[in-house]
Every structure is written in structure tokens, then in C-alpha cells.
Amino acid sequence: MASERTGNTGVLQRIAAGEADAVNECLDRFGGLVWSLARRFCANPTDAEDAVQEVFTEIWTKADRYKPEVASEKTFVTMLARRRLIDMLRKRGRAPRETAIEDVQLASQPQPSTMERSEEVERVERAIDELKPIQREALRMAIYDNCTHARIAEVMDIPLGTVKTSIRRGLQRVRDALKVDETGDGSGA
């Protein structure tokens, strides 16, 4: 994973640069991951197929926003796909399934062949779980529910400045935890 961030130009950077062959490589590399997420969010395979197309369109249009120093390509694709899938469900007037994402992932752990989750995503989620409750909740609402800071402040009934500070500090703690894990100095590896 570290070579993906520091080595050669990644597939998302090549897509942003307009390289046509990078699109097929992106589909090959992340197709299974995006399909797996789409099936978790969509009630039937037809909706999932439409969702996958929309997610990849979003990936291609936002590939220039990818920052290798912040996260791996797989993490970027996963977070973007989740946000897009939640947005699609909202636009169609359907709420996401009652089961939280974490519950679905825990329930599917015994079947690793169907999970298709990266080790890095798991490390990020473990790091988020270690945060203070206010940071964890604000960060999850921002990432998984795509809520604005103002909406988070309203739902959590806390000042907007506290939301912004909690998210900023939470993200910094997650970054710090991932840096420790990457060097092998942390217990999360």
C-alpha cells in the first residue's frame, strides 16, 4: 500500500491526466470493491449495476481530487463510492438499509471471499473506533452520511465550531495512527 502512495504515478492520477488505458486499469483494480459496496446498498442487481456506473463516472470526474499523501487509492475509491451510493439512495427517496455499514461488515466477516475490503480500510475504521465519542460520531456523520458541518451540529446539538474542531482533530488522530501502523511501531499492524 505504501508504494501506491509514494512510488509510481497511481491509476487515479493517470486518469486525471487523461490517460485512456488508466480507465480500464481502474475498472480492473476497483470493480470488485465498488460492486461489493453497491450490492450492500442496493436492493437488486439492476440497481447495483446502475450504481456501479454512476460511482465510476464519479471516480473519473473526481480523480483529480485524489491526494496520495492523504490516503491510498483504494481508500479514496471506497469513501467516494460510499458517499455516492448514499446520495443515490437519498435522491431516489429511499433511506439506506436499517443495518449500519459496520453491522453489515461484521456480519460478513466469516465469508472473506465476499468481503473484498482492503486492509487499509480496516485500519482506518479501527483508528476511527479509537477516537473520543464526539470525534468519532462527527467524523462518521461527515464521511458515511455525507452530512455538512451545520447538519452535524444540529443533529448532535453542539456548536458548529466544536463540530469543525472535532472533525479536524479526529482526522489528525486517524492520520497519526495510520503513520504509526505503517512504520510498524503501532500495535494495529
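Let me sum up the structure you'll find in this document. Quick caveat: nothing in here was measured; it's all calculated off a predicted structure.

What the chain contains, in helices and strands, is 11 helices and zero strands. The order of α-helices and β-strands along the chain, N terminus first, is α-α-α-α-α-α-α-α-α-α-α. Taking all 189 residues of the chain together, the buried fraction comes to 41%. Within the chain, contacts between residues at least 6 apart in sequence are counted, and of these 63% link residues at least 24 apart.

This part is about the packing of helix 3 (residues 20–41) against helix 4 (residues 45–62). Contact geometry of helix 3 with helix 4 gives a least axis separation of 9 Å together with a crossing angle of 135 degrees. When the interaxial angle is binned, helix 3 and helix 4 end up oblique. Crossing geometry of helix 3 relative to helix 4 is assigned as right-handed. Of the residues in helix 4, those in contact with V23, C26, L27, F30, G31, V34, W35, A38 and R39 of helix 3 are P45, A48, E49, A51, V52, V55, F56, I59 and W60.

Our next topic: the packing of aromatic side chains. When we look at a pair of aromatic rings, we describe it by the centre distance and by the angle of the planes. Tallying each qualifying case throughout the model produces two aromatic pairs. When the centroid spacing of 5.7 Å and the interplanar angle of 35 degrees are considered together, the rings of F56 and W60 count as tilted. Taken together, the residues span about one helical turn, with F56 and W60 both in helix 4 at a distance of four residues. Of the residues examined, F56 reaches a relative accessible area of 3% and is grouped as buried. Here the aromatic rings of Y66 and F76 are separated by 5.5 Å at their centres, their planes lie at 70 degrees, and the arrangement is edge-to-face. Taken as a pair, Y66 in the loop between helix 4 and helix 5 (73–91) and F76 in helix 5 lie far apart in primary sequence, 10 residues in all. The residues Y66 and F76 share a single accessibility class, namely buried.

In this section: the packing of helix 4 against helix 5. Contact geometry for helix 4 and helix 5: axes closest at 9 Å, N-to-C directions at 125 degrees. Comparing their axes, helix 5 and helix 4 come out oblique. For the element pair helix 4 and helix 5, the recorded crossing hand is right-handed. Across from A51, E54, V55, E58, I59 and K62 in helix 4, the residues of helix 5 making contact are F76, V77, L80, A81, R84, L85 and M88. Taken together, the residues that form the contact of helix 4 with helix 5 break down as nine nonpolar, no polar and four charged.

So, on to unusual backbone geometry. Of note, D157 is a non-glycine position whose phi angle comes to about 60 degrees, a positive value. A relative accessible area of 70% means that D157 is categorised as exposed.

Our next topic: the nonpolar core. Counting 28 residues, the largest nonpolar core has L12, C26 and I59 as its most contacted members. When contributions to this core are tallied by element, the ones reaching two or more residues are helix 2 (11–16), helix 3, helix 4 and helix 5. Ignoring sequence-local partners within four residues, the contact set of I59 consists of L12, C26, V34, V77 and L80. Within the second largest apolar cluster, 18 residues are counted, among which are I128, M141, Y144 and V174.

As a further point, take the pattern of salt bridges. Counted under the stated rule, the structure contains 10 salt bridges. For E58, the salt bridge is made with R84, and the minimal N-O distance between the two is 3.5 Å. Of the two residues, E58 is situated in helix 4 and R84 in helix 5; the sequence distance between them amounts to 26 residues. For the pair formed by E58 and R84, the shared burial category is buried. In this structure, E154 engages R151 in a salt bridge whose closest nitrogen and oxygen atoms are separated by 2.9 Å. Of this pair, E154 and R151 both sit in helix 10 (residues 149–156), three residues apart, roughly one helical turn. Overall, the relative accessible area of 40% leaves R151 in the partly exposed class. Here the salt bridges do not stand alone but share partners, grouping R14, E19, D21, E25, R29 and E73 into one network.

Cut-off values and rules
Residues numbered from 1 in each chain as written. Predicted model: local features only at pLDDT ≥ 70, side-chain atom pairs only at ≥ 80, totals over all residues. Heavy atoms only, no water. Helix = DSSP H or I, 4+ residues; strand = E, 2+ residues; numbered from the N terminus. Buried < 20%, exposed > 50% of the residue type's maximum accessible area, 1.4 Å probe, protein only. Contact = heavy atoms within 4.5 Å. Axes fitted to C-alpha atoms, helices over the stretch in contact; angles between N-to-C directions. Parallel < 35°, antiparallel > 145°, perpendicular 65-115°, else oblique. Left-handed = near helix turned anticlockwise from the far one by under 90°. Phe/Tyr/Trp six-rings, centres within 6.5 Å; stacked < 30°, edge-to-face > 60°. Nonpolar A, V, L, I, M, F, W, Y, C, P; charged D, E, K, R; others polar. Core = buried A, V, L, I, M, F, W, Y, C linked by side-chain atoms within 4.5 Å. Salt bridge = Lys/Arg side-chain N within 4 Å of Asp/Glu carboxyl O.

What is shown is where atoms sit, not what they do.
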